[in-house]
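# A closer look at the structure
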Amino acid sequence: MAFIFIMLVAVFGWSQNQANWWFFGTNAGIDFNSGSPLPNDIGQLDTIEGCSAISDACGSLLFYTDGITVWNRNHNIMPNGDSLFGDPSSTQSALIIPLFNSPDLYYIFTISIFNSTSGNTRTGMYYSVVDMNLNAGAGDVIVNQKNIELLPNSTEKLFAAVAANGQDTWIVTYAASIAGSLSFDQFYAFKLTPNGMDLQATVNSLSPSTRTTDKRGYLKVSPDGTKAAMMTQFYVDLTNPNEAGYGAWLFDFNTTSGMVNNPVRLNFPSGYQAYGTEFSLDSRLLYVDLNTLGSGLVPAERMLLQYNTTAANFQNNPVVIYESDVNNPNDNVSRGALQIAPDKKIYYSRDEQQWLAVINDPNNIGALSNFQYDGLALTPGTNSNEGLPPFYNAFFNPSFSAIEGCSNAPTQFLADAIATCPNHSVLWDFGDVTSGSNNSSIAINPTHIYATAGTYTVVLIITTPTEVFNSSRSIQIVNAPIINSVNDIEVCDDRSNDGFAPVDFTTIRTDALGTQSASDFEITIHSSALDAMEDFNAIANNDVVTSGTYMVRIDNRLSNGCYDTTLFDVNISAVPVPSMVDDLILCDDFSNDGVESFDLELAAIQGFGTQNPTGFDASFYIGQNNADLRQNPIPSPYIGSNNQEIFIRYENINSIDCYALASFNLRIITQPRIPILNDLTACDDESGDLIELFDLASLATLIEHTQLGNLTTTFHRSQQNAEMDISPLNPNYSNTARQEIIWVRLENNDWVTCYDVQPLLIEVYPKPVVFTTPDFTKCIDDELLIEATTGFVAYRWNTGATTSSINVTDEGTYTVTIIDQNGCEDNSSTTVTNFFSTQIIAVEVEQFTIRSNRITVLVSGDGPFEYSMDNVFFQDSNVFTDLLPGYYTAYVRDLNACDLVTAPAAIIGAPPYFTPNEDGFHDYWQVIAIETEPDAQIYIFDRFGKLLKQLSPLGVGWNGMYNGNPLPSTDYWYRVELHDGRSFKGHFTLKR
């Protein structure tokens, strides 16, 4: 089922009051809350360059930092607020950004540099997170969100700009495109979203024309976010392409994409180096700080230039705002920062001095900018140094946010947080004249319903005791998109079978879009409902994912305030990885027709190797095409011929397309056959020793002459020796008794040994040989016959019987001794064992559905077994599926016809409908077989989640009434909670 949502767009939640407190230099501070700068010495910060501070929307101090230590509003070090990876000699050591829609979370971005003085060896960019809810509202740095690396190496440059959607922030630095090269030539724009850092959205802008190895100098963005300025220390040298970035540069910045491009060199007099920079509040004018010695260690000549970025050839025609006297060493000062302030003035640092220079009217050109060298005296005992605290560009343009709705649905508006401060008021104009008196509001966070889709210009006026802010923006109201249902995706894992695989979502996107235009609507895939709702962590085609439920989201490209979603499943099935399979080799039978019955399962077992065969199936085919197409399978055992190739298809039983093939050949070796042999007889000689010499070699030649093959004939004293091919007799053999049997072994050694073993009687005097019934297993109550060879004079069994056969009922070994007419004796034994009794160990029930319930019967005994649920139809499998809820009896019998045992079973489940029309059929809805769980809790809800009825598992059920009134025909939901903690839920239909 698809759902329509709205989401936050075009968001600004910032106020210029958030820049009202400054801490910089040597314990210097300024409070702008009165409208005029009030210097103070209450801060604990002492830094050469980098620093940052943040206040709340009404101007109350929250905390400040030098990139290493974080001080709270009480000027105490926050818990966990030390050892951040910044540096006092890093140009922009720290920058603080509030997390949108999370008023208590603040991100501190820090840049570290190699500093032999402080012992710092880090050179990268990091972030830490402050939670103002902690430490009684004074804030703590979150332990597991501290010093998280974004780049292992970067320059000292950093700015933050609000993204075009108003809710995200671009965090931009300049670093190396090749990690570790220390040749800086690329901008990195990291995205901070309301959900935190989205590193997958990081944007890289290669800028080879500004390549440099020097890290120093400021990077600033204009208040309107359209431009960026970068200063890089050292004297401009146009002859060295590896240091092309020395000097001052202006770029275009795209708040939608995060791209920094179109570099323009800002030319200035030779012999100077660029360090500090700032834009005017109207983003039109750019101020650049120059110094003849850019190291920051030695005071030198200083120059402040103004570039009018809207004028033709502006890069070559800067206006000098201030220039030190080259003949007066007393006015020398090192490099310094420029920073716009809440009073709309730009302040200019003066290293190791108790003063800040001030540009009083920075939007005006040249002398009209009203530059004051001794502009602001700091509190005695404090000094300005090279740095001033940079701020988020969103702080200087109070505005509003909108939760854009679909047409005919509420659109939520949120005023800038400054509107919540005391003695502040708001007035909204929603740009919807057709709505009459509803077109305006004085509520801080009002809603407005637009009847038709379109573009509307919304105006917000915020009135404060000191000034009036007027902000407007266009919002896009669109009709709701429609998402089409999509099918689940079945994907085979790779050979690692780790449960992860790349998935192509192209079909999902196409099906979800349907006939709607891809140019008008965007389809995204998400791994959770939360991500889909927030349009976060979109999954690309061929991303590596795991099995689970995913969401498709459709957005109107004109506005993502309205969207629709639907669910689908990704099922990643394991693939079999067969081992090499040896050929199956059999000896032919005595017909030698070249055809034999092969147990193909032996080959399949070998192919499984060491992998667990559970979850896989193996089938057999003639020809690879049949195996690939899964057609014309052959059975096992299989009647096959010599040199026939067999293919094994191993497949996942839940996803038959996840398969692999292995092959082997059938080999049939000719079976040798000993012909019928006459007894070897000899007359005793005159010695009377009853021993004669027999020529077995001649007999061997006669036997082998009857057939072809790599044949060998041997003679053995026993059948066991003949079968095992051990202890062959000398071909010139002397008998050892008047009458004896030796064994002839004829073998064919092609591929494997195929052999025939037959007895040969050597007779001097006759000797009896007796055989009994072979060993056997029987049912425990059966009485069976054991027979001995007949024709002898006497029989003597170990039971005392004297017949040639006996009936037995007990287990044991039964031995008979016979005596022939010559008084010669022989004996033989038969071992009788009983089958183990069949027992049902357990009956496992999988339930809570209507058709996919199953019962598994677990038994012990000799088997094989047959299973039934009605004592009529029996099956080989112990698993019964597609069972309706109810009561069952499981029947198990072994195929030896010894036992038939039973066990009861019950399946709990809910009927899909009921008809409470008092006709005697389905008048009540009750969970089937639930009385077997008397402690169960049964709840019935309507489609909105309202509880209508709680049923007793021992009761008759629900008659469709609520508060004495019959409820309408529709779907209702139920939840069943069992005493052991299990639960199940679903829905059913009330039909009237």
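The preceding data block contains the structure.
Here is what the cut-offs are and how they apply
- Residues numbered from 1 in each chain as written.
- Predicted model: local features only at pLDDT ≥ 70, side-chain atom pairs only at ≥ 80, totals over all residues.
- Heavy atoms only, no water.
- Helix = DSSP H or I, 4+ residues; strand = E, 2+ residues; numbered from the N terminus.
- Rg over C-alpha atoms; globule rule 2.2 N^0.38 Å.
- Buried < 20%, exposed > 50% of the residue type's maximum accessible area, 1.4 Å probe, protein only.
- Contact = heavy atoms within 4.5 Å.
- Areas by Shrake-Rupley, 256 points an atom, 1.4 Å probe, with all protein chains shown as cover.
- Lys, Arg positive; Asp, Glu negative; His and termini not counted.
- Charge placed at Lys NZ, Arg CZ, Asp CG, Glu CD.
- Core = buried A, V, L, I, M, F, W, Y, C linked by side-chain atoms within 4.5 Å.
- Disulfide = S-S within 2.5 Å.
- Pairing = 2+ DSSP bridges.
- Axes fitted to C-alpha atoms, helices over the stretch in contact; angles between N-to-C directions.
- Salt bridge = Lys/Arg side-chain N within 4 Å of Asp/Glu carboxyl O.
- Arc of directions from axis to C-beta.
- Polar contact = N/O pair within 3.5 Å; in protein donor to acceptor, adjacent residues only side chain to side chain.
- 1 Å grid on protein atoms, 1.4 Å probe; cavity = no way out; pocket = protein on both sides within 12 Å on 5 of 7 lines; lining within 4 Å.
- Points joined across faces, edges and corners; volume = space filled by probe spheres on them.
- Phe/Tyr/Trp six-rings, centres within 6.5 Å; stacked < 30°, edge-to-face > 60°.
- Patch = residues over 30% accessible without salt bridge, like charges linked within 9 Å, V, L, I, M, F, W, Y side chains within 5 Å.

## Points about the overall build of the protein chain
On a plain count of helices and strands, the protein chain comes out with six helices and 74 strands. Here the protein chain has a C-alpha radius of gyration of 47 Å; the compact-globule value for 992 residues is 30 Å, and the former is much larger. In terms of principal-axis extent, the alpha carbons of the protein chain reach across some 150 × 85 × 55 Å. Looking at the protein chain as a whole, 50% of its 992 residues are labelled buried. Intrachain contacts of the protein chain at a sequence separation of at least 6 include 58% that bridge at least 24 residues. Carbon and sulfur atoms provide 51% of the accessible area of the protein chain, an area that totals close to 44700 Å². Across the protein chain, the 43 positively charged side chains and the 112 negatively charged ones have centroids separated by 10 Å.

## As for the nonpolar core
Ranked by internal contacts, the top residues of the largest apolar core, which has 75 residues, are Trp22, Phe24, Phe63, Phe109, Met125, Leu304 and Tyr347. Of the residues forming this core, the biggest block, five residues, is contributed by strand β9 (residues 105-111). Once residues lying within four places of it in the same chain are set aside, the contact partners of tryptophan 22 are Ala28, Gly29, Ile30, Phe32, Gln339, Ile340, Ala341, Pro342, Tyr347, Leu388, Pro389 and Phe391.

## Description of the state of the cysteines
Chemically, a disulfide is nothing more than a covalent bond linking the sulfur atoms of two cysteines. Using the criterion set out here, one finds five disulfides in the structure. A disulfide bridge connects cysteine 492 with cysteine 658, and the sulfur atoms are separated by 2.1 Å. When the S-S torsion is -100°, as for the bridge of cysteine 492 with cysteine 658, the disulfide is left-handed. With a gap of 166 residues between them, cysteine 492 in strand β36 (residues 489-492) and cysteine 658 in strand β48 (residues 655-669) connect regions that are remote in the sequence. Note on cysteine 492: relative accessible area 30%, which makes it partly exposed. When the bonded cysteines of the protein chain are numbered from the N-terminus onward, they pair as 1-3, 2-5, 4-7, 6-8, 9-10.

## A closer look at the sheet that holds β48
Strand order across the open sheet formed by five strands is β42-β48-β47-β44-β45, with mixed pairing between neighbours. Edge strands, defined here as strands with exactly one partner in the open sheet, are β42 (584-587) and β45 (633-634). Sitting on the sheet, helix α3 (residues 600-608) touches β42, β44 (616-621), β45, β47 (644-652) and β48, and the angle it makes with β47 is about 55°.

## As for the sheet that holds strand β55 (residues 776-778)
Strand order in the open sheet formed by four strands is β55-β60-β59-β57, with mixed pairing between adjacent strands. Each having just a single partner strand, β55 and β57 (794-797) make up the two edges of the open sheet. Between one strand axis and the next, the sheet turns through 25° on average, direction left out of account. Pairing geometry for β55 and strand β60 (residues 825-834), over three bridges, is parallel. By the bridge assignment, phenylalanine 776 is partnered in β60 with valine 832.

## Notes on the pattern of salt bridges
Oppositely charged side chains may form a pair once their charged atoms are brought near each other. Following the criterion strictly, the structure yields 21 salt bridges and no others. Salt-bridge contacts for glutamate 866 lead to arginine 893; the nearest nitrogen and oxygen are separated by 2.9 Å. You can see glutamate 866 sitting in strand β63 (residues 865-868) and its partner arginine 893 sitting in strand β66 (residues 886-894), a full 27 residues away along the chain. Residue class for glutamate 866 comes out buried when judged on its relative accessible area of 18%. Across the pair arginine 982 and aspartate 980 runs a salt bridge, and its minimum N-O distance is 2.7 Å. By sharing partners, the salt bridges in this structure join Glu49, Arg335 and Glu386 into a single network.

## Concerning the pairing of β48
Pairing geometry for β42 and β48, over four bridges, is parallel. From the neighbouring strand, cysteine 587 faces β48, where its bridge partner is isoleucine 669. Sheet topology note: the β47/β48 ladder contains nine bridges and is antiparallel. Bridge assignment links asparagine 652 to a residue of β48, and that residue is serine 655. The hairpin turn running from β47 into β48, its antiparallel successor, is two residues long.

## As for the side chain of threonine 838
Along the chain, threonine 838 falls in the loop between β60 and β61 (839-846). Setting aside anything within four residues of it in sequence, one finds threonine 838 in contact with Ser860, Phe865, Val892, Asp894, Asp899 and Val901.

## Points about helix α5 (residues 696-704)
Among all positions of α5, only Leu696, Leu699, Ala700 and Ile703 are buried. Relative to the axis of α5, the buried residues are bounded by an arc of 105° and lie together on one face. Relative to its buried face, α5 has exposed residues pointing more than 90 degrees away, namely Thr701 and Leu702. Buried residues along α5 sit against β49 (680-681), β50 (693-695), β51 (711-716), β52 (732-734), β53 (739-748) and β54 (754-763). Measuring from the side-chain oxygen of the N-cap residue of α5 to the backbone nitrogen of alanine 697 gives 3.4 Å; that N-cap residue is aspartate 695.

## Details of empty space enclosed by the protein
Using the criterion set out here, one finds one cavity of 30 Å³ or more in the structure. Of the voids in this model, the largest cavity is the one considered here, and its volume is about 130 Å³. Every residue lining the largest cavity is counted, 17 residues in all, and those nearest its centre are Lys220, Val221, Glu278, Phe391 and Asn393. Sorting the residues of the lining of the largest cavity by element identifies β13 (159-162), β17 (219-221) and β25 (338-340) as the ones contributing at least two each. The element contributing the most residues to the lining of the largest cavity is β17, with three residues.

## Examining the packing of aromatic side chains
Summed over the entire model, instances satisfying the criterion amount to 45 aromatic pairs. Summarising the aromatic geometry, the rings of tyrosine 64 and tryptophan 71 are spaced 5.5 Å apart at their centres and angled 20° between planes, so their arrangement reads as stacked. Taken as a pair, tyrosine 64 and tryptophan 71 share a single burial class, namely buried. Measuring from ring centre to ring centre gives 4.2 Å for tryptophan 925 and phenylalanine 988, while their planes differ by 15°; the resulting arrangement is stacked. Note that tryptophan 925 is positioned in the loop between β68 (913-914) and β69 (937-941) and phenylalanine 988 in strand β74 (residues 983-990), a separation of 63 residues in sequence. Given a relative accessible area of 0%, tryptophan 925 falls into the buried group. Residue class for phenylalanine 988 comes out buried when judged on its relative accessible area of 0%.

## Brief notes about unusual backbone geometry
What is expected of a backbone is that most residues other than glycine have negative phi and most peptide bonds are trans. Omega for the bond connecting serine 636 with proline 637 falls within 30 degrees of zero, at 5°, which places this linkage in the cis form. By the secondary structure assignment, proline 637 is in the loop between β45 and β46 (638-641). In this chain, glycine 863 is followed by proline 864 through a cis amide linkage whose omega measures -5°. Relative to the helices and strands, proline 864 resides in the loop between β62 (853-860) and β63. For asparagine 632, which is not glycine, the phi torsion reads 55° and is therefore positive.

## Some words on the side chain of aspartate 564
Along the polypeptide, aspartate 564 turns up in strand β41 (residues 559-573). For the buried aspartate 564, no salt bridge is present, and the opposite-charge side chain at shortest range is arginine 553, 9.7 Å distant. A polar contact is formed between the side chain of aspartate 564 and the backbone nitrogen of isoleucine 483, at a distance of 3.4 Å.

## So, α3
Inspection of α3 places Leu600, Ala603, Ala604, Gly607 and Phe608 among the buried residues, and these make up the whole buried set. Considered in projection along α3, the buried side chains sweep an arc of 145° and stay on one side of the axis. Facing away from the buried side of α3, by more than 90 degrees, are the exposed residues Leu602 and Ile605. Taking the backbone nitrogen of glutamate 601 as reference, a side-chain oxygen 3.1 Å away marks aspartate 599 as the first, capping residue of α3. Immediately downstream of α3, the backbone of glycine 609 shows phi near 60°, a positive value.

## A few points about the environment of glutamate 825
Looking at where glutamate 825 falls in the secondary structure, it is placed in strand β60. Once the C-alpha coordinates of glutamate 825 and phenylalanine 792 are considered, the two residues, 33 residues apart in sequence, prove to be 9.7 Å apart.

## Details of a nonpolar patch on the surface
Judged by side-chain polarity, Phe234, Tyr235, Leu293, Leu297 and Val298 come together as a nonpolar surface patch covering roughly 470 Å² of accessible area. By the element assignment, tyrosine 235 lies in the loop between β18 (227-232) and β19 (247-253).

## A short note on the environment of glutamate 301
With respect to the secondary-structure elements, glutamate 301 resides in the loop between β22 (285-291) and β23 (302-308). Among residues more than four places away in sequence, those in contact with glutamate 301 are Tyr272, Leu290, Asn291, Thr292, Ser324, Asp325, Val326, Asp331 and Asn332.

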